[in-house]
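Chain by chain, the residues run as shown.
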Amino acid sequence: MSAEIALASFGSLMSDGIDLAGRRIFLHGGVDEDTIGKAIRAIYFLSDLDPEAPIELFVSSYGGDLDEAFALHDVTRTVSCPIHAVALGKCMSAAPMLVACGEKGQRYATQHTSFMLHAVSLHGMDGSTVDQIQHTAKETQQSVDDYISLLVQYSSKPRAHWVRIFKKSSDTYFDAETALEWGLIDQIWSEKS
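It should be emphasised that the depicted structure is a prediction, and the values quoted were computed from it without experimental measurement.

Re a negative patch on the surface
Together, D32, E33, D65 and D67 make up a negatively charged patch on the protein surface. Relative to the helices and strands, D67 resides in helix α3 (residues 66–78).

Encoded structure:
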C-alpha cells in the first residue's frame with residue numbers, strides 16, 4: 001500500500017473516531033445511528049483483527065437515542081475482547097450506561113467529567129391518536145425499565161435508587177466521584193502513568 005493511500009485511510013478512520021493502531025474508538029457527539037453505527041463497525045473490525053486484545057471506548061456525549069445505546073451495549077456483550085470504557089468531559093442521558101457496561105475494573109472517568117441522567121420524554125406525538133400515544137408511552141416505559149435494569153446490573157446501587165432518578169422531573173447531574181461511589185465506573189483517571 002502506498003504511503004498516500006495509507007495516510008488517506010488513516011485520516012478517514014480517524015475522522016470516524018477510530019484509531020486502529022491504538023485500538024481506540026471515540027464516541028464524541030450524540031448517541032445516534034451515525035455515531036453508534038460507526039462504533040459498532042469499529043468494534044467488530046477491531047475484534048476480528050485480534051479477538052483477545054482490549055478495545056478502548058472513549059465516550060463524550062450529551063446522550064441521545066436509547067435504542068442506539070442498547071445496540072452498542074449489546075454489541076459490547078457479543079465480542080470476546082474486553083471493552084475498556086472511559087467517560088470524558090460529558091457523559092449524559094443514554095451515555096452513562098455505555099461506560100458502565102465496560103469491562104469490570106476497566107471503567108474510567110476523567111476527573112472533571114459531568115454525568116447526567118433524566119426522565120425519558122416522548123417525542124413525535126403531534127397529531128397522534130390516543131392509542132398511538134398509549135402504545136408509545138408503554139414502549140418508552142419498557143425502554144426505561146431496561147435501562148434501569150442495566151444500571152442495576154453494572155452499578156452498586158439498587159433498583160430503587162435508579163427509579164427515583166428517572167422519576168424526577170428535573171435532570172440529575174453528578175460528578176466522577178459520585179459515579180465512582182455509585183459503581184458506574186471503577187476509577188477516576190486523573191494522573192499520567
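Next comes the rest of the account.
Regarding the pairing of strand β7 (residues 172–175)
Residues T172 and F174 line the buried face of β7, whereas the alternating positions Y173 and D175 sit on a face that is not buried. When strand β6 (residues 114–117) meets β7, the two strands line up antiparallel, connected through four bridges. The residue bridging S114 from the neighbouring strand is D175, located in β7.

Observations concerning the nonpolar core
The biggest cluster of nonpolar side chains holds 50 residues, and the ones touching the most others in it are L72 and F115. Beyond its immediate sequence surroundings of up to four residues, F115 is in contact with A87, C91, M92, P96, A109, T172, Y173, F174, D175, A176, A179 and I185.

Let's talk about the pairing of strand β4 (residues 83–92)
In terms of burial, β4 is a largely internal element, seven of the ten residues being buried. Inspection of the sheet shows strand β3 (residues 55–61) paired to β4 by six bridges, in the parallel sense. For I55, the partnering residue across the bridge sits in β4 and is I83. The parallel pair β3 and β4 is bridged by α3, and the resulting crossover is right-handed. In this structure, β4 lies alongside strand β5 (residues 107–110), joined through three bridges in parallel fashion. Counterpart to A87 in the pairing with β5 is A109. Taken together, β4, helix α4 (residues 95–100) and β5 constitute a β-α-β crossover, and its handedness is right-handed. One ladder, built from three bridges, connects β4 with β6; its direction is parallel. Paired with M92 across the strands is M116, a residue of β6.

The rules we used
Residues numbered from 1 in each chain as written. Predicted model: local features only at pLDDT ≥ 70, side-chain atom pairs only at ≥ 80, totals over all residues. Heavy atoms only, no water. Patch = residues over 30% accessible without salt bridge, like charges linked within 9 Å, V, L, I, M, F, W, Y side chains within 5 Å. Areas by Shrake-Rupley, 256 points an atom, 1.4 Å probe, with all protein chains shown as cover. Salt bridge = Lys/Arg side-chain N within 4 Å of Asp/Glu carboxyl O. Lys, Arg positive; Asp, Glu negative; His and termini not counted. Charge placed at Lys NZ, Arg CZ, Asp CG, Glu CD. Helix = DSSP H or I, 4+ residues; strand = E, 2+ residues; numbered from the N terminus. Buried < 20%, exposed > 50% of the residue type's maximum accessible area, 1.4 Å probe, protein only. Pairing = 2+ DSSP bridges. Core = buried A, V, L, I, M, F, W, Y, C linked by side-chain atoms within 4.5 Å. Contact = heavy atoms within 4.5 Å. Right-handed = clockwise from strand over helix to strand, strands pointing away.

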